Protein chains: 2
Amino acid sequence: MTSVAVGALPEMGFSDVKSKKFNGKRILFQGDSITDAGRNKELSDANTTSALGAGYVALTAANLLSNTPERGYEVFNKGISGHKVFQLIDRWQADTFDMKPDLVSILIGVNDFWHTLSHGYTGTPEVYRDDFRKLLDSTKEKLPNATLIIGEPFIAKGGTAITDAWYPAFSKYQEISKEMAKEYNTAFVPFQAYFDEALTKAPASYWCPDGVHPSLAGSALMSAAWLETFKKV
Amino acid sequence: MTSVAVGALPEMGFSDVKSKKFNGKRILFQGDSITDAGRNKELSDANTTSALGAGYVALTAANLLSNTPERGYEVFNKGISGHKVFQLIDRWQADTFDMKPDLVSILIGVNDFWHTLSHGYTGTPEVYRDDFRKLLDSTKEKLPNATLIIGEPFIAKGGTAITDAWYPAFSKYQEISKEMAKEYNTAFVPFQAYFDEALTKAPASYWCPDGVHPSLAGSALMSAAWLETFKKV
């Protein structure tokens, strides 16, 4: 064996990823392709890389699990590529309530706008708001003790899929996500501000090449943003 | 857009992952299955999750890329599952020299011992040392300006593949890896000490279920250990 002595556990990632009050175990991430991140949907294990995908969820789990082993967190990912908020409603019983999570993190909305440009979807910001309320009403009812985190949908200016059509139309969806967080008294991850700041350091091709799906660097940025919010819940 | 103001970039992961002197761009990870971590070997892109696998390399790249975008790092993974040090020699020209890395990180040795138990391999610690010297001699000759990091092969006590046969035989391989780091004046990552300390917090099933291949939590632990060493080079 090595003779190198390590007294206390060395810096194992984030200096502090402990949440303020949250003392549950089961953390569920919900959303679209950004959350999905190529996860193996045949698997429903907690804490394994293939079940968590290759995005911000796995990076976040890596940090939580390595830094706070004493918490015994079970991290799950049920994001599904392409989904809009109404599709979360359709699968919320099986993919959220039945899993009995102590914390639910929801990032949804980019497709609610994007698919009006690219898939002939006819939903409006009002539909997004109404559906989001339905989702949150049922969540508050069925999981009254769960901690909720809403992530702001975001885009990276300069990304290949981001045309002028996104401005200012998409900002309405971002405002609604924030409005929902206030209305339902949930935590909120201001992803757009993180990406805007990051884009002053490197271009969209570095953080989020198509402007919607983050690179590994962008996923790490998201994970850091999410953990900053987590520390406050 | 959100009205949340973020002045300076928020804490984006490790508080400080800047290396002391290293100012190259191209970082190459070499090794066996622990480094490989299921990477897509059809791809040779830098910085993409599928090319980097789902282990400590991707987690390390995520941290480096998100925290120091100004450095323009290009992170590559050429680890191959099952490999022993002599197999690195066989592919060193194509997989290392031809890639012109500015930094080469090598983690090799667990199979040099394990395969004597399970695959009828007849190599000894002396073979491991001799082969490691050949590898490092040629690396010093062909890449005289590259920064080198040697990772200590490690095992997690209590892992399902770790029998009594590993003790104390495997420690000889660990000592040789450290000896190589001294002899060739390279940096060294004392992975065993990190795992030993982590095992006081949670069992092998949490960090490294079979004792050889780390979980996501164990991969994050490795990444933290590697970055601690990186900060010093």
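Being a predicted model, the structure only gives us computed values, none of them experimental.

Draft legend 1. Seen up close, the overall build of chain A. The secondary structure content of chain A amounts to 10 helices and 5 strands. Seen through its C-alpha atoms, chain A measures out along the principal axes to roughly 65 × 45 × 35 Å. Across chain A, contacts joining residues at least 24 apart in sequence account for 77% of those joining residues at least 6 apart.

Draft legend 2. Representation of unusual backbone geometry within the structure. Tyr167 of chain A connects to Pro168 of chain A through a cis peptide bond whose omega is -5 degrees. Mapped onto the fold, Pro168 of chain A is located in the loop between β4 (147-151) and α7 (169-183). Look at Asn185 of chain B: it is not a glycine, yet its phi comes out positive at around 55 degrees. Tracing the chain through its elements places Asn185 of chain B in the loop between α8 (169-183) and β5 (187-189).

Draft legend 3. Quick look at the packing of helix α6 (residues 125-142) of chain A against α7 of chain A. Residue and element names in this part refer to chain A. Interaxial distance between α6 and α7 falls to 10 Å at its minimum, and their mutual angle equals 25 degrees. The angle between α6 and α7 places the two elements in the roughly parallel class. Considering the relative orientation of α6 and α7, their crossing is right-handed. Each of Pro125, Tyr128, Arg129, Phe132 and Leu136 in α6 lies in contact with α7, whose residues at this interface are Lys172, Tyr173, Ile176 and Met180. In terms of residue class, the contact of α6 with α7 is made up of 7 nonpolar, no polar and 2 charged.

Draft legend 4. Molecular detail of the sheet that holds β5 of chain B. Residue and element names in this part refer to chain B. Taken in spatial order, the 5 strands of this open sheet run β2-β1-β3-β4-β5, and their pairing is parallel. For this open sheet the edge positions go to β2 (74-77) and β5, each flanked by a neighbour on one side alone. Strand after strand, the sheet turns through a mean of 20 degrees between neighbouring axes, direction not considered. The sheet contact formed by strand β1 (residues 26-31) and strand β3 (residues 103-107) spans 5 bridges and is parallel. Bridging across to β3, Gly31 finds its partner in Leu107.

Draft legend 5. A look at the packing of helix α3 (residues 56-67) of chain B against helix α11 (residues 216-230) of chain B. Residue and element names in this part refer to chain B. Look at α3 against α11: their axes get within 8 Å of each other, and the N-to-C directions meet at 55 degrees. One way to sum up the angle between α3 and α11 is to call them oblique. Crossing handedness for the pair α3 and α11: right-handed. Together, Tyr56, Leu59, Thr60 and Asn63 of α3 and Ser219, Ala220, Met222, Ser223, Trp226 and Leu227 of α11 make up the contact between the two elements. Partitioned by chemical class, the residues of the contact of α3 with α11 number 6 nonpolar, 4 polar and no charged.

Draft legend 6. Main features of the pairing of β4 of chain A. Residue and element names in this part refer to chain A. Counting buried residues in β4 gives 5 out of 5 residues, a clear majority hidden from the surface. With burial as the criterion, each face of β4 is covered, one bearing Thr147, Ile149 and Gly151 and the other bearing Leu148 and Ile150. When strand β3 (residues 103-107) meets β4, the two strands line up parallel, connected through 5 bridges. In the strand pairing of β4, Leu103 is matched with Thr147. Handedness of the crossover joining β4 and strand β5 (residues 187-189) through α7 is recorded here as right-handed.

Draft legend 7. How the structure looks around the environment of Leu28 of chain A. All names here are of chain A. Along the chain, Leu28 turns up in strand β1 (residues 26-31). Considering only alpha carbons, one finds Leu28 and Phe86, 58 residues apart in sequence, at a separation of 18 Å. Residues in contact with Leu28, not counting those within four places in the same chain, are Phe76, Lys78, Thr96, Met99, Pro101, Leu103 and Val104.

Draft legend 8. Layout of the confidence of the model for chain A. Looking at chain A as a whole, the pLDDT averages 92, with 93% of positions reaching at least 70. Predicted confidence is poor over residues 1-14 of chain A, with pLDDT under 50, and the contacts of this stretch with residues over four places away or in other chains come to 37 contacts.

Draft legend 9. Spotlight on the pairing of strand β4 (residues 147-151) of chain B. For β4 of chain B and β5 of chain B, the ladder comprises 3 bridges, and the chain directions are parallel. When the sheet's bridge partners are listed, Ile150 of chain B is paired in β5 of chain B with Phe188 of chain B.

Draft legend 10. Layout of the sheet that holds β4 of chain A. Residue and element names in this part refer to chain A. The strand order across the open sheet built from 5 strands is β2-β1-β3-β4-β5, with neighbouring strands paired in parallel fashion. One side of each edge strand has no neighbouring strand; the edge strands of this open sheet are β2 (74-77) and β5. On average, adjacent strands in this sheet sit at an angle of 20 degrees to one another, irrespective of strand direction. Inspection of the sheet shows β1 paired to β2 by 4 bridges, in the parallel sense. Residue pairing across strands places Arg26 opposite Glu74, the latter belonging to β2.

Thresholds applied
Position numbers for residues start from 1 in each chain and track the written sequence from start to end. Naming scheme: in the order in which they are written, chains are lettered from A and ligands are numbered from 1. Reporting in this predicted model follows two pLDDT cut-offs: at least 70 for local features of residues, and 80 or more for side-chain atom pairs to be given and counted; totals over whole chains, interfaces and linings ignore these cut-offs and use all residues. In this text, helices come from DSSP runs of H or I with a minimum length of four residues, and strands from runs of E with a minimum of two, each type numbered from the N-terminal end. Each residue gets a C-beta atom placed from its backbone, and two residues are in contact if those atoms lie within 7 Å. Where helices are involved, their axes are fitted lines through C-alpha atoms of the stretch in contact, as for all axes, and angles between N-to-C directions lie from 0 to 180°. Roughly parallel here means an angle under 35 degrees, roughly antiparallel means over 145, roughly perpendicular means 65 to 115, and every remaining angle is called oblique. In this scheme the crossing of two helices becomes right-handed for a clockwise turn of the near helix relative to the far one and left-handed for an anticlockwise turn of less than a right angle. Each residue gets one of three labels, nonpolar for Ala, Val, Leu, Ile, Met, Phe, Trp, Tyr, Cys and Pro, charged for Asp, Glu, Lys and Arg, and polar for the others, Gly among them. DSSP-based pairing: two strands are paired if at least 2 bridges between them are found. Buried, partly exposed and exposed are defined by the number of other C-beta atoms within 10 Å of a residue's own C-beta, namely 20 or more, between the two limits, and 12 or fewer respectively, with C-beta atoms placed from the backbone. When the strands point away from the viewer and the connection leading from the first strand across the helix to the second strand turns clockwise, the crossover is called right-handed. Every residue carries a pLDDT, the predictor's confidence in it, which falls somewhere between 0 and 100.

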